[in-house]
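One letter stands for each residue in the lines below.
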Amino acid sequence: MRTNELIEMLSTNIEPTDHGRLKRGLGLAAALGAGAALCVALLVLGVRPDLRHPGVLGFLLLKVAFGAGIVVLAGWLLTKVARPGGETRIRAWVAVAPFLGVMLLAALSLASAPSSHWDRMLVGHMWLECLVSIPIIGVLPFAVLVWAVRRFAAPTDLVRTGALVGLAAGGISAMGYALHCMDDSVPFVALWYGGTIAFCTLAGALLGPRLLRW
């Protein structure tokens, strides 16, 4: 029997996954992961000291909204792909919508600024810390979400499911790190937040077949 035939047989003969239970389980896992990421960010890195300055809160909300948009879309897709055969009923490309949105804003921001400012807008002062912190903080929400998928779901496309788990974990981690990050430019968010979340997604895709096997 071929692999595709086996997957089709499993997806048609297995008892349906309780969709409500799956949503509740993933929602609880996301909340626990967010709480863990927030605690790590606050205890290890701390909150930026200039939150009361004009304009700072606006950029913080932008960073949080970017991460939240990714988490919402990844969670929605995950509730579908985490069921047997669910990968055939999703359009995974919608997960890139927040990335495209922030990239468009970054391009507009660069176009409206002198080219002499582009280096500072793209690299900032905390690029290395961002590059390291978001994946590390994301380990906790990733682990919790993996547990939830193993406990409440039965995916057959483990690569895609792992990628969505990594995407959600990266978005959660970015929201926590945003409270500490003091680089306030849209190009910085697009490059370093977007890049590290993409790295988390790739890591999830690579680890998914090993961690989500059932």
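Fair warning: this is a prediction, and the values are worked out from it, not measured in the lab. (Residues numbered from 1 in each chain as written. Predicted model: local features only at pLDDT ≥ 70, side-chain atom pairs only at ≥ 80, totals over all residues. Heavy atoms only, no water.)

Among the nonpolar cores identified, the biggest contains 49 residues, and Phe66, Leu167, Tyr177 and Tyr193 are the most heavily contacted of them. Elements with a contribution of two residues or more to this core: α2 (19-45), α3 (56-81), α4 (97-111), α6 (127-137), α7 (139-152), α8 (158-178) and α9 (186-211). Not counting residues up to four positions away in its chain, the partners in contact with Tyr193 are Lys63, Phe66, Cys130, Ile134, Ala174, Tyr177, Ala178, Cys181 and Phe188. (Core = buried A, V, L, I, M, F, W, Y, C linked by side-chain atoms within 4.5 Å. Buried < 20%, exposed > 50% of the residue type's maximum accessible area, 1.4 Å probe, protein only. Helix = DSSP H or I, 4+ residues; strand = E, 2+ residues; numbered from the N terminus. Contact = heavy atoms within 4.5 Å.)

Moving on: the pattern of salt bridges. For the structure on display, the rule yields four salt bridges. Residue Arg48 pairs with Asp184 through a salt bridge whose shortest N-O separation is 2.9 Å. In this pair, Arg48 sits in the loop between α2 and α3 while Asp184 sits in the loop between α8 and α9, placing the two residues 136 residues apart along the sequence. Residue class for Arg48 comes out buried when judged on its relative accessible area of 3%. Note that Arg160 is salt-bridged to Asp157, the shortest N-O span being 3.5 Å. The partly exposed category is assigned to Arg160, whose relative accessible area is 31%. One network of salt bridges, in which partners are shared, links Arg48, Asp50, Lys63 and Asp184. (Salt bridge = Lys/Arg side-chain N within 4 Å of Asp/Glu carboxyl O.)

Now for the environment of Gly33. Locating Gly33 in the fold gives a position in helix α2. Between the C-alpha atom of Gly33 and that of Leu140, which follows or precedes it by 107 residues, the distance is 6.1 Å. In this structure, Gly33 is in contact with Pro141, Val144 and Ile172, ignoring residues within four places of it in sequence.

Let us now look at the confidence of the model for the protein chain. In this model, the protein chain carries a mean pLDDT of 86, and residues with pLDDT of at least 70 account for 87%. Confidence drops under pLDDT 50 across residues 13-17; counting only partners more than four residues distant or on other chains, this segment forms six contacts. (pLDDT = per-residue confidence, 0-100.)

A separate point is the packing of α6 against α9. One way to put it is that α6 packs onto α9 with a least axis distance of 9 Å and a crossing angle of 30 degrees. Classified by the angle between their axes, α6 and α9 sit roughly parallel to one another. For α6 against α9, the interelement crossing comes out right-handed. On α9, the residues touching Trp127, Cys130, Leu131, Ile134 and Pro135 of α6 are Phe188, Trp192, Tyr193, Thr196, Phe199 and Cys200. Grouping the constituent residues of the contact of α6 with α9 by class yields ten nonpolar, one polar and no charged. (Axes fitted to C-alpha atoms, helices over the stretch in contact; angles between N-to-C directions. Parallel < 35°, antiparallel > 145°, perpendicular 65-115°, else oblique. Left-handed = near helix turned anticlockwise from the far one by under 90°. Nonpolar A, V, L, I, M, F, W, Y, C, P; charged D, E, K, R; others polar.)

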